[in-house]
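Fold and geometry: a report
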Amino acid sequence: MLEARYGLPLSTPSTAARDAYVAGVDSVISGVAGYRELLAQAIACDPTFALAHVALARGLFLDADVGPARESASRARELAAQASPREQSHVDVICLGLEGKPAHAMQAMLVHLRSWPRDAMVLAPATSVFGLYGFSGDPAHEEQLYQLLDSLAPAYGQDWWFDTVHSFAACETGRLDLAWTLIERSLAQNPRHAHAAHFRTHVMYERGESAAALDYLAGWMPGLDKRSLVHCHLSWHVALAALAAGQPERAWEAYRAGVHPGGAWGPPLNVVTDAASFLWRAELAGQPRSAPLWREVHDYALRSFPKAGVAYADVHSLLACVADGDTLILERLLGEIRKRIADGRYPPGDVVIWIADGFAAYAAGNWNSAIRCLEQALPQTVRIGGSRAQRDLVDLTLAAAYIKADRPDKASALIARRAHQPPPINAMGYH
């Protein structure tokens, strides 16, 4: 039988389908554009190739093309009945995630990996901060993911994709030296791996190396197709690094070119969260508020996520409502969240409400109220998902509230508890 890149047998008899499938999977897991054409080619060469259909479904889902993704997933389920047991299980795990059944997908994934640990496409949905672990609401999810990947490391050896996800898990759990070693090894094997470039930037962020991160991305990003999954988010990293390095003009240039709604393409989850996060951070750093920019993010957020339910998106949609002064929508979304919590359908629990209340109090100048809310939220912010760098929005707002309340010692202690060393408090402005 023909084999995929990880040595797993494939049921297709077509070498051309296999080759296009392998390249298409590499495109999906590296975050580089091209998977649509490659997997379409694989399907054209073998229309009954279930794994090509489900790989296409996974890529489309990551691009937020949810309807076509579910159509491809449904077709994959139909075709998998004639495939091998490994391929049937592979299709099932990925489809469960696409069908909105994350707990079932997690359980099926762990069972699958006991038999086929090198099935990277099955493992991949667990490795994202927006994935099975990241959105589980479990406060220990980062360490759980690291331990899973560490246990699988012997099966992968020195593989560019696995080294990348292993590195990011190490980074998010504070193992920065290991993270750097793994990410450099990954990039040495595949220098155009977009997720690897992204995660390298995260390690640099945790080290407080803003200027170096800015230089790195300036050299790496020009070769990245703007249709690629992470282009928008890497632009956010450029904007943040420029802001921290004292280059606000460059930060705004990056925001307008690649982050805001209508800039470089990005999935709505990235656009909403990155745009709102940057605008708020810019204000914390002393930049004046732009009502039109906040209105743009507010409107885009409510079009993309009209109802509450995805906690990480909810935090930033609520923030956009706070900044835009839209108390009506703010209260409606908070009401939906409270109902979901009461029904047991909101894994992070109350932490999103505490964060939103803290942001609202800060915007109103109620520093002590902001401090009370954000201090309550801080130990639980990991439950909303996202990376440490993204969740720093809460830390930075709390630090700013401490300074506004004339408690700079508390601000310094908060910043010191972080593994990285961001710019000194006074360098951030906190106007």
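Here, the structure is the one placed above.
Below or above, wherever it landed, is the structure these notes cover. Everything numeric here is computed off the predicted structure, so don't read it as measured data.

1. Overview of the overall build of the protein chain
A count of helices and strands for the protein chain gives 22 helices and 2 strands. In summary, the protein chain has a C-alpha radius of gyration of 22 Å against a globular reference of 22 Å for 431 residues, a match within 12%. The principal-axis extents of the C-alpha atoms in the protein chain amount to approximately 70 × 45 × 35 Å. Burial statistics for the protein chain: of 431 residues in total, 57% are counted as buried. Considering only intrachain contacts with a sequence separation of at least 6, the fraction spanning at least 24 residues in the protein chain is 62%.

2. Side note on unusual backbone geometry
The backbone phi angle of Ala64 is positive, close to 70 degrees, even though this residue is not glycine. For Ala64, the location among the structural elements is in the loop between helix 3 (50-62) and helix 4 (66-80). Among the residues examined, Ala64 registers a relative accessible area of 31% and is labelled partly exposed. With phi around 60 degrees, Asp406 is a residue other than glycine that occupies positive phi space. Within the secondary structure layout, Asp406 lies in the loop between helix 21 (388-404) and helix 22 (408-417).

3. A few points about the pattern of salt bridges
Taken as a whole, this structure holds 23 salt bridges when the rule is applied. Measuring nitrogen to oxygen at the nearest pair gives 3.0 Å for the salt bridge that ties Asp159 to Arg5. On the criterion of sequence distance, the pair formed by Asp159 in the loop between helix 8 (141-156) and helix 9 (160-172) and Arg5 in the loop between strand 1 (2-3) and strand 2 (9-10) is long-range, its members being 154 residues apart. Residue class for Asp159 comes out buried when judged on its relative accessible area of 8%. Here Arg18 and Asp19 are joined by a salt bridge, their closest N and O atoms 2.7 Å apart. You can call Arg18 buried: its relative accessible area is 19%. Its relative accessible area of 41% is what places Asp19 among the partly exposed residues.

4. What about the packing of aromatic side chains?
Taken as a whole and judged by the stated rule, the model has 15 aromatic pairs. Their ring planes at 55 degrees and their centres at 5.4 Å tell us that Trp280 and Phe359 sit as a pair that is tilted. Of the two residues, Trp280 is situated in helix 15 (residues 268-284) and Phe359 in helix 19 (residues 351-363); the sequence distance between them amounts to 79 residues. According to the relative accessible area criterion, Trp280 is buried, its value standing at 1%. Taken together, the aromatic side chains of Trp280, Trp294, Phe359, Tyr362 and Trp367 make up a single cluster linked through ring pairs. Over the ring of Tyr146 we find Arg175; its NZ or CZ atom is 3.8 Å from the centre of that ring. For the cation-ring pair, Arg200 lies above Tyr216, with the distance from its terminal atom to the ring centre recorded as 4.3 Å.

5. Examining the environment of Arg86
When you line up the elements, Arg86 lands in helix 5 (residues 85-98). In this structure Arg86 comes out as buried when scored by relative accessible area, which is 7%. Each C-alpha atom of the pair Arg86 and Lys404 lies 58 Å from the other, and the pair is 318 residues apart in sequence. Not counting chain neighbours up to four residues away, the residues in contact with Arg86 comprise Leu8, Pro9, Leu10, Leu51, His112, Trp116 and Asp119. Separated by 2.8 Å, the side chain of Arg86 and the backbone oxygen of Pro9 make a polar contact.

Cut-offs applied
- Residues numbered from 1 in each chain as written.
- Predicted model: local features only at pLDDT ≥ 70, side-chain atom pairs only at ≥ 80, totals over all residues.
- Heavy atoms only, no water.
- Helix = DSSP H or I, 4+ residues; strand = E, 2+ residues; numbered from the N terminus.
- Rg over C-alpha atoms; globule rule 2.2 N^0.38 Å.
- Buried < 20%, exposed > 50% of the residue type's maximum accessible area, 1.4 Å probe, protein only.
- Contact = heavy atoms within 4.5 Å.
- Salt bridge = Lys/Arg side-chain N within 4 Å of Asp/Glu carboxyl O.
- Phe/Tyr/Trp six-rings, centres within 6.5 Å; stacked < 30°, edge-to-face > 60°.
- Lys NZ or Arg CZ within 6 Å of the ring centre and 35° of its normal.
- Polar contact = N/O pair within 3.5 Å; in protein donor to acceptor, adjacent residues only side chain to side chain.

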